[in-house]
Amino acid sequence: MGPHPAVAAIRLAVRRVLHDVLTDHTRSADLSRRTPHPELAEAGAGRQRAALPERPDTPLVLVACSGGADSMALASALAFEAHKLDVRAGGITVDHGLQDGSDTRAAEVVDRLTAMHLDPVESVAVRVGHDGGPEAAARDARYAALDAAAERHGAAAVLLGHTRDDQAETVLLGLARGSGIRSLSGMAAASGPAGRYRRPFLQLDRQTARKACLVQSLPVWDDPHNIDPAYTRSRLRHEGLPALEKALGKGVVEALARTAQLSRDDADALDTWAAQADRAARDDAGRLECAKLYALPPAVRRRVLRRAAMEAGSPAGSLFARHIEEVDRLITGWRGQRAINLPGRVEAMRQGGRLVIRQS
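A brief report on the enclosed structure follows. (Residues numbered from 1 in each chain as written. Predicted model: local features only at pLDDT ≥ 70, side-chain atom pairs only at ≥ 80, totals over all residues. Heavy atoms only, no water.)

Each helix and strand in the protein was counted, giving 13 helices and ten strands. On the principal axes, the C-alpha backbone points of the protein span a range of 75 × 75 × 40 Å. For the protein, with 360 residues in total, the buried portion stands at 42%. Long-range contacts, defined here as pairs at least 24 residues apart, represent 68% of the contacts in the protein between residues at least 6 apart. (Helix = DSSP H or I, 4+ residues; strand = E, 2+ residues; numbered from the N terminus. Buried < 20%, exposed > 50% of the residue type's maximum accessible area, 1.4 Å probe, protein only. Contact = heavy atoms within 4.5 Å.)

Put into structure tokens, the structure is as follows:
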């Protein structure tokens, strides 16, 4: 008799991601063996090359685990699948310090991960700032800690327990902000430096992960922040989505997750088009020509403008649609406007038929 369907589902999802990690690791190892080390290359052609130390044959995959049902299910599936494949498995839990006893809970998570025979396992305490609100600040601190842990341990990947329900919430939050198609594309299955972060559960619902914990007798911790109405995502989860399902019927979460994937495909295609258009719209000196920009479809042109503003030093997190729309008017509604001030002390202006975006 096989495992419970919920357990089988989470294991299959993790197995697929581990196969991808192994493929990427092997490809990277092959490339590193074919590419001469810079110091050896400088020694001159024809000189005997000394053998370079290779990366460990077995990649390390870490699971980011809060102790909640989603990440505990993910940890259990990683522990089960890793020993069947040529993969080492470890775990990281981040103590945000936002609640009394958070250090004790983090220690409990470490004990649970260690009992699953994950190694290395560690708890990392972070200090959460205030920029962008409590949710964004906690997220920034968490990812900074995970990045540092991955670098410290030389991890090939870090698994995150985001589910299809989380994806649906992310799409709705982007829609509420009036964001563009990239925001509506939600979370990518792989993101971060060299695809470091992997999300195996984006096609699985939250209930499947919780059921997998139940049938495996895995203790889970329900973060009170997840039901606190002070947090936007919590209100959306417990009030907004249920209201949508009541009004529109079941299947809203699946439809939103499908919208995310379709939007991501479209956004990727537009970004590729914009990168090509950026090169074609420049003169011999590398300056953007307004006439060539005007001829582009708006969705492509605004991507070119956003890219140029970021290259000039405007922070992506502070560069909003209204900023790009103002710069776009220098192309489509030129009436002799003055320079447009952008975040990061960047300014955009039109000079002699060219669009100049630079530090002010």
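Scanning the model with the defined rule gives one aromatic pair in all. Positioned above the aromatic ring of Phe80 is the side chain of Arg11, whose terminal nitrogen or guanidinium carbon lies 3.5 Å from the ring centre. (Phe/Tyr/Trp six-rings, centres within 6.5 Å; stacked < 30°, edge-to-face > 60°. Lys NZ or Arg CZ within 6 Å of the ring centre and 35° of its normal.)

The next subject is unusual backbone geometry. In the segment running from Asp119 into Pro120, the intervening peptide bond is cis, with an omega of 10°. Tracing the backbone shows Pro120 in the loop between α4 (102-115) and β3 (121-125). One non-glycine residue, His117, lies in the positive phi region at around 70°. Take His117: it is sitting in the loop between α4 and β3. Judged by its relative accessible area of 72%, His117 falls in the exposed class.

As enumerated under the stated definition, the model contains 28 salt bridges in all. Here Arg27 makes a salt bridge to Asp24, at a shortest N to O gap of 3.4 Å. Of the two residues, Arg27 and Asp24 are both situated in helix α1 (residues 5-34); the distance of three residues between them amounts to about one turn of the helix. The class for Asp24 is partly exposed, based on a relative accessible area of 32%. (Salt bridge = Lys/Arg side-chain N within 4 Å of Asp/Glu carboxyl O.)

Before going further, it helps to examine the packing of helix α6 (residues 164-176) against helix α9 (residues 232-248). Running from N to C, α6 and α9 cross one another at 95°; their axes reach a closest spacing of 10 Å. As far as their axial angle goes, α9 and α6 are roughly perpendicular. Contacts between α6 and α9 involve Asp166, Glu169, Thr170, Leu172 and Leu173 on the former and, on the latter, Thr232, Arg233, Leu236, Arg237, Leu241 and Leu244. For the contact of α6 with α9, a count of residues per class yields five nonpolar, two polar and four charged. (Axes fitted to C-alpha atoms, helices over the stretch in contact; angles between N-to-C directions. Parallel < 35°, antiparallel > 145°, perpendicular 65-115°, else oblique. Nonpolar A, V, L, I, M, F, W, Y, C, P; charged D, E, K, R; others polar.)

Keep in mind these numbers describe shape, not what the thing actually does.
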